[in-house]
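Topology and contacts: notes
Given next are the chains, with one letter for each unit.
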Amino acid sequence: MKKMKRREFLKTAGVAAIGAGCVKAGISKLHAEEKPSKDKEFQPGEKATTSGVYDVFHDKIDGEQHAHQHQVIVMAGTVFPRCKGCRQWVKFRLAQQTVFIDKDPHFET
Ligand SMILES: [Zn+2]
């Protein structure tokens, strides 16, 4: 048997465990709908398809940086808002997919 790297093993085992938990909890459909799109940039008015931590990239206003890059937590289904400073020019990109604890099959409700 080919030796599996620990990291690969954990990744595989983790996905299997979560998948089994989802079926048991009857919420596999929910997760199937949440396909992470790591490279996609979202604009204000678009809906988040994945819950997680998003990088926020602000635009310059008259050449001035009004806000540094930062991160926010966004729930799937949330419509990305406009920035008070750079308005519709702000961009959001998924940095880390997460599951809200209420939707995590590992915990009792
Ligand atoms: Zn801004």
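Here the structure is a predicted model, which means the values were calculated and not measured.

1. Digging into the confidence of the model for the chain
Overall, the prediction assigns the chain a mean pLDDT of 80, with 66% of residues at 70 or greater. The model gives residues 15-30 a pLDDT under 50, and that stretch makes 12 contacts with residues more than four places away or in other chains.

2. Observations regarding the pairing of strand 2 (residues 52-57)
By the bridge criterion, 5 bridges tie strand 2 to strand 5 (residues 70-74) in an arrangement that is antiparallel. Looking across to strand 5, one finds that Asp55 is bridged to Gln71. Strand direction decides the pairing type here: strand 2 and strand 6 (residues 91-97), joined by 6 bridges, are antiparallel. Residue pairing for strand 6: Val53 is matched across the bridge by Gln96.

3. Details of the pairing of strand 6
In the sheet, strand 1 (residues 41-42) pairs with strand 6 via 2 bridges, with the strands oriented antiparallel. If you follow Glu41 over to strand 6, its bridge partner there is Arg93.

4. Observations concerning the environment of Val99
With respect to the helices and strands, Val99 occurs in the segment after strand 6. With 49 residues separating them in the primary sequence, Val99 and Thr50 have C-alpha atoms 8.7 Å apart. If we ignore the near neighbours within four places in the chain, the residues touching Val99 are Ser51 and Asp104.

Each value, and the rule that gives it
- Residues numbered from 1 in each chain as written.
- Predicted model: local features only at pLDDT ≥ 70, side-chain atom pairs only at ≥ 80, totals over all residues.
- pLDDT = per-residue confidence, 0-100.
- Contact = placed C-beta atoms within 7 Å.
- Pairing = 2+ DSSP bridges.
- Helix = DSSP H or I, 4+ residues; strand = E, 2+ residues; numbered from the N terminus.

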